[in-house]
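Overview (structure and organization)
Below, each chain spelled out in residue letters.
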There are 2 protein chains.
Amino acid sequence: MKLVKNVQDQRVSNLTLDDIARLAGVSRSTVSRVVNEHPSVKKDVRQRVLDIIEENHFHPNAAARTLAMQRSWTIGLILPHSVSTFFTDPYYPNLLMGIAKACNLYSYTLALFLVSTKEDEENVFPRVGRKGFLDGVIVQSGHHGDQGIIGRMIDQKIPLVVVGRPFRSDNVTYIDIDNISAVKSAVNYLCKTGCRKIATITGPIDSTVGIDRLEGYRQAIREQNGQVDESLVVEGNFTETGGFIAMQKLLPFKPDGVFAASDVMAVGAMRAVEEANLRVPEDISIIGFDDLPAASYGSNQLSTVRQNVPELGLRAVECLIEQIGDDSIAPHGVMMDTELIIRKSCFRLAPIDQTGVK
Amino acid sequence: MKLVKNVQDQRVSNLTLDDIARLAGVSRSTVSRVVNEHPSVKKDVRQRVLDIIEENHFHPNAAARTLAMQRSWTIGLILPHSVSTFFTDPYYPNLLMGIAKACNLYSYTLALFLVSTKEDEENVFPRVGRKGFLDGVIVQSGHHGDQGIIGRMIDQKIPLVVVGRPFRSDNVTYIDIDNISAVKSAVNYLCKTGCRKIATITGPIDSTVGIDRLEGYRQAIREQNGQVDESLVVEGNFTETGGFIAMQKLLPFKPDGVFAASDVMAVGAMRAVEEANLRVPEDISIIGFDDLPAASYGSNQLSTVRQNVPELGLRAVECLIEQIGDDSIAPHGVMMDTELIIRKSCFRLAPIDQTGVK
DNA sequence: CTGATTTCTGGAAGCGCTTCCATTATAGCA
DNA sequence: TGCTATAATGGAAGCGCTTCCAGAAATCAG
């Protein structure tokens, strides 16, 4: 008795172009042309080759192809500093989903790098920067700490798209939601429903998203009141507890409306309002940001700004692929629209007022 | 005026082994040996080459290296059918984190494939199966639908680790938590605290995790009572609403203890208990599964079975790397331990009783 | 039925690396 | 010092593919 290799099975995957060429009675070049859909192959030859490829489940070796074409059809996604928030904030999973789906759509492969420590960064960077592996890179950003990695990517002259406005946004292509106008319209909405004293719970102001949303608030208030009352601006940290504490600081100033820079903080704020025996929206109207599913259920019914994160991911991929195909594209910023969702945490304007159209 | 290329910058990344060799006055082979840490290079030569590599930020081309070595140092992670639950259930982000961190640790690169439709599967598969791209693959499984993709990977003879017991688990290496004994100890715990009529809300029984947890329940009950009362077994679907409805079905049978196959369902069940004006744990003790952060806060204080998902990911990677290095390793299953966490949703045994040691 | 075009095809070089093999430099020992 | 054993190095082949180039085959006018 002897253990023999099952040739049938072996054949499944380890063939080369040459093998296919031999089987089809053509040259390697011709097979390559068939695989790459070059028009200059006679129809019957093409079909014969195609049949044999199919029959043998042949797929060209990825490394060889990448080496010859200088293209890997792989893009990298770098998520920095994300360990702690990666699973609490649905932003990341959503972004990831959008990007992964876009990669499927355009037949790219996605390489994922989670970078949580400086150590990781050193570890990951050579793999990312190295030629012959990635055609381009998407980096999630928004914090100071991310500048380092962005800078390195720029140095490498590797096609790059940053998601979220980076601190130094010149010289780099980035994509972000339009935080400023989103917040402006939220605050304006509160105004129109009759709020006279609108406060804000900001995100961390060492992040661009925190800065931008605060800036939106400031612009809106200035356009309405002319003057921002700094006692109505309290910094939060995007956590529920942070929102709770911020709201407690705000209550003595008796605001009648609050814009919270995230839904999670808004939920904390609502809890503080409740504990102070005040009512939402009768005493205080609240609008959040993100459209968290959890914030729209049950007793909360939070009004919010919805950002389409998977769409953001899709656009980032498209933007990157564009750059991969054409390296003459200049760095630029792309802004995506958001949507104001009104629920019970603030009063609702009659549609006629809302649109401003008679 | 003329636009000149900045040679300094250009040099950054596009050098080849040959260039380094020339600069160092040695042969290409020697440089390669230095890069790959072959011992047989004279110390001073090695240092000279190393300096030049450093100075020029040289990284060997990944594709060329992969082609020559038949090793990509990249592994694939396939998450099937996950769109809907991907961001509601923290399982996936956690698993992803564990795997990504392990990849960093072992200097592997992670390629991520989110497969939500049959179409995706067809699209993704050639990229995964293709030689010269992935050294091995991790597949998340547990549903019937995943058998197809697992089968294809087996056919390709590509190193494979399945996370979560697959339906056909012979012939494949998989890693899973030990659901059966985990549930047994949870149910036994309820018994020991005095519960006489313990019900269960199961997961979907077309998933192995649903099946295994139910089996654990059955085994525990059999060992205690001798007989499983089928009216105390209700199928859920891992959602809060599912848990709520299941509990409503259970209440007429007056159970005094419930094991829910997930925390999310347990939370739903608690809501149902509350609405029936019963109290946890005085009237009904409840133990869940997963140790969701949300279920441990506030009024819930849910007892639960904790599984260390990031650790599961780490082990999966280690298991895969082992296989990549040694293809003689036979398919096998790996079971990971869980931990019973007792909070206020059930009575607490004195430690002396809990351990069974006098 | 030619000769000039156009269409197809095969050969060969090259992508950048690893690694076997042969050769030379070095060390070890008598 | 001379001879062998060992260490260090260079040359060359090969990984599997794409693509340029030149030549063969097919097409079309005249």
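Everything numeric in this text was worked out from a predicted model, so none of it was measured.

**Here's the deal with the domain arrangement of chain A**
Residue and element names in this part refer to chain A.
- One can read the domain layout of chain A as domain 1 (2-67), domain 2 (74-177 + 309-337) and domain 3 (179-308 + 340-354).
- In this complex, domain 2 contributes 14 residues to the contact, which on the side of domain 3 involves 11 residues.
- Interface area, domain 2 with domain 3, both sides summed: about 1100 Å², of which 50% is carbon and sulfur.
- Here domain 2 is connected to domain 3 by 1 salt bridge.

**Topic: the protein's contact with DNA strand C**
- Close contacts around DNA strand C come from 27 residues, with Ser27, Thr30 and Arg33 of chain A together with Leu17 and Ser32 of chain B the closest.
- Across the atoms of DNA strand C situated within 4 Å of the protein, the share located in sugar and phosphate is 57%.
- A distance of 2.9 Å separates a phosphate oxygen of DNA strand C from a polar atom in the backbone of Ser27 of chain A.
- Between a base nitrogen of DNA strand C and a side-chain N or O atom of Arg33 of chain B, the distance comes to 3.4 Å.
- If you list the elements that add at least two residues to the surface near DNA strand C, you get helix 3 (28-35) and helix 5 (62-69) of chain A together with helix 3 (28-35) and helix 5 (62-69) of chain B.
- Looking at the surface near DNA strand C, its residues break down into 11 nonpolar, 10 polar and 6 charged.

**Here's the deal with the protein's contact with DNA strand D**
- Residues in contact with DNA strand D amount to 27 residues; listed here are only the nearest, Leu17 and Ser32 of chain A together with Ser27, Thr30 and Arg33 of chain B.
- The contact atoms of DNA strand D, taken as those within 4 Å of the protein, divide so that sugar and phosphate hold 59%.
- The contact in question runs from a base oxygen of DNA strand D to an N or O atom on the side chain of Ser29 of chain A, over 3.3 Å.
- Between DNA strand D and the protein, one listed contact pairs a phosphate oxygen with a backbone N or O atom of Asn61 of chain A at 2.9 Å.
- Only helix 3 and helix 5 of chain A together with helix 3 and helix 5 of chain B provide two or more residues apiece to the surface near DNA strand D.
- Residues of the surface near DNA strand D, tallied by class, amount to 11 nonpolar, 10 polar and 6 charged.

**Remarks on the packing of aromatic side chains**
Residue and element names in this part refer to chain B.
- Applying the stated criterion across every chain, the model contains 6 aromatic pairs over all chains.
- Taking the centre distance of 6.3 Å and the plane angle of 75° together, the rings of Phe259 and Phe289 count as edge-to-face. Here Phe259 is found in strand 8 (residues 257-260), whereas its partner Phe289 is found in strand 9 (residues 285-290), with 30 residues between them in sequence.
- Residue classification places Phe259 among the buried residues on the basis of a relative accessible area of 0%.

**Notes on the relation of the copies chain B and chain A**
- For the pair chain B and chain A, the relating rotation is 180°, the translation along its axis is 0.1 Å, and the fit reaches an RMSD of 0.1 Å. The relationship between the two copies is best expressed as a two-fold rotation axis. Within chain B, Ala111 of chain B has its C-alpha nearest the rotation axis, a separation of 2.1 Å.
- A high fraction, 100%, of the interface residues of chain B reappear at the interface in chain A, so the copies pair face to face through one surface.

**A look at the sheet that holds strand 2 (residues 109-115) of chain A**
- Strand order in the open sheet made by the 12 strands is 11(A)-5(A)-4(A)-3(A)-1(A)-2(A)-2(B)-1(B)-3(B)-4(B)-5(B)-11(B), with mixed pairing throughout. What marks the edges here is a single partner per strand, and that holds for strand 11 (333-336) of chain A together with strand 11 (333-336) of chain B. Geometrically, the sheet is characterised by an average inter-axis angle of 25° between neighbouring strands, direction not taken into account.
- Pairing between strand 3 (residues 136-140) of chain B and strand 4 (residues 160-163) of chain B: 4 bridges, direction parallel. For Ile138 of chain B, the partnering residue across the bridge sits in strand 4 of chain B and is Val161 of chain B.

**Observations regarding the interface of chain B and chain A**
- In this complex, chain B contributes 46 residues to the contact, which on the side of chain A involves 46 residues.
- Together, the buried faces of chain B and chain A total about 4300 Å²; carbon and sulfur atoms form 60% of this surface.
- Summed over the shared surface of chain B and chain A, the result is 0 salt bridges.
- Taken together, the connections running from chain B to chain A amount to 18 residue pairs in polar contact (both at pLDDT 80 or more).
- Secondary-structure elements contributing two or more residues to the side of chain B that touches chain A are helix 1 (7-10), helix 5, helix 6 (91-105), strand 2 (109-115) and helix 7 (118-129) of chain B.

**Quick look at helix 4 (residues 43-55) of chain B**
Residue and element names in this part refer to chain B.
- With 13 residues, helix 4 extends 18 Å between its outermost C-alpha atoms, agreeing within 8% with the 18 Å of an ideal straight helix rising 1.5 Å per residue.
- The complete set of buried residues in helix 4 reads Val45, Arg46, Val49, Ile52 and Ile53. Take helix 4 and look down its axis: the buried residues cluster within an arc of 130°, on one side only. Away from the buried face of helix 4 by more than 90 degrees, exposed residues Lys43, Glu54 and Glu55 are located.
- Check the buried side of helix 4 and you find it contacts helix 2 (17-24) and helix 3.
- The first or second residue beyond helix 4 is His57, which carries a positive phi of 50°.

**Quick notes on the sheet that holds strand 8 (residues 257-260) of chain A**
Residue and element names in this part refer to chain A.
- Within the open sheet, the 6 strands sit side by side as 7-6-8-9-10-12. Their pairing is mixed. With partners counted over all chains shown, the strands left at the sheet margins are strand 7 (233-235) and strand 12 (339-341), one partner each. Here the strands of the sheet are splayed against their neighbours by 20° on average, with no regard to which way each runs.
- Bridge count for strand 8 against strand 9 (residues 285-289) is 3 bridges, and the pairing is parallel. Residue pairing in the sheet places Gly257 in a bridge with Ser285 of strand 9.
- Against the sheet, helix 12 (residues 240-250) makes contact with strand 6 (198-202), strand 7 and strand 8, and its axis sits at roughly 150° relative to strand 6, the strand it touches most.

**Remarks on the confidence of the model for chain A**
- Residues at a pLDDT of 70 or more form 91% of chain A, whose mean pLDDT is 89.
- Across residues 352-358 of chain A, confidence stays below pLDDT 50; counting only partners more than four residues off in sequence or on other chains, it has 5 contacts.

**Comments concerning the nonpolar core**
- Among the nonpolar cores identified, the biggest contains 152 residues, and Tyr217 of chain A together with Tyr217 of chain B are the most heavily contacted of them.
- Not counting chain neighbours up to four residues away, the residues in contact with Tyr217 of chain B comprise Val183, Val187, Ile198, Ala199, Thr200, Val228, Leu232 and Val233 of chain B.

**Some details on helix 9 (residues 179-192) of chain B**
All names here are of chain B.
- Given a rise of 1.5 Å per residue, 14 residues ought to cover 20 Å, and the 20 Å separating the end C-alpha atoms of helix 9 matches this to within 8%.
- Burial analysis of helix 9 places 10 of its 14 residues in the buried class, the great majority of the element.
- All of the buried residues along helix 9 are Asn179, Ala182, Val183, Lys184, Ala186, Val187, Asn188, Tyr189, Leu190 and Cys191.
- Remark: Gly194 follows helix 9 within two positions and exhibits a positive phi of approximately 110°.

**Quick notes on unusual backbone geometry**
- A cis amide bond, omega 5°, links Val280 of chain A with the succeeding residue Pro281 of chain A.
- With respect to the helices and strands, the residue Pro281 of chain A is situated in the loop between helix 13 (263-275) and strand 9.
- A positive phi angle is found at His57 of chain B, which is not glycine, with a value near 50°.
- Following the sequence through the fold, His57 of chain B ends up in the loop between helix 4 and helix 5.
- Residue Asp290 of chain B is not a glycine yet carries a positive backbone phi of 130°.
- The residue Asp290 of chain B is located in strand 9 in this model.
- On the basis of relative accessibility, which here comes to 22%, the residue Asp290 of chain B falls in the partly exposed class.

Each value, and the rule that gives it
- Residues numbered from 1 in each chain as written.
- Chains lettered and ligands numbered in written order.
- Predicted model: local features only at pLDDT ≥ 70, side-chain atom pairs only at ≥ 80, totals over all residues.
- Heavy atoms only, no water.
- Domains from an automatic or database assignment.
- Contact = heavy atoms within 4.5 Å.
- Buried area = accessible area lost by both parts, 1.4 Å probe.
- Salt bridge = Lys/Arg side-chain N within 4 Å of Asp/Glu carboxyl O.
- Near = heavy atom within 4 Å.
- Polar contact = N/O pair within 3.5 Å; in protein donor to acceptor, adjacent residues only side chain to side chain.
- Helix = DSSP H or I, 4+ residues; strand = E, 2+ residues; numbered from the N terminus.
- Nonpolar A, V, L, I, M, F, W, Y, C, P; charged D, E, K, R; others polar.
- Phe/Tyr/Trp six-rings, centres within 6.5 Å; stacked < 30°, edge-to-face > 60°.
- Buried < 20%, exposed > 50% of the residue type's maximum accessible area, 1.4 Å probe, protein only.
- Least-squares fit on C-alpha atoms with pLDDT ≥ 70 in both.
- Pairing = 2+ DSSP bridges.
- Axes fitted to C-alpha atoms, helices over the stretch in contact; angles between N-to-C directions.
- Expected span 1.5 Å × (residues − 1).
- Arc of directions from axis to C-beta.
- pLDDT = per-residue confidence, 0-100.
- Core = buried A, V, L, I, M, F, W, Y, C linked by side-chain atoms within 4.5 Å.

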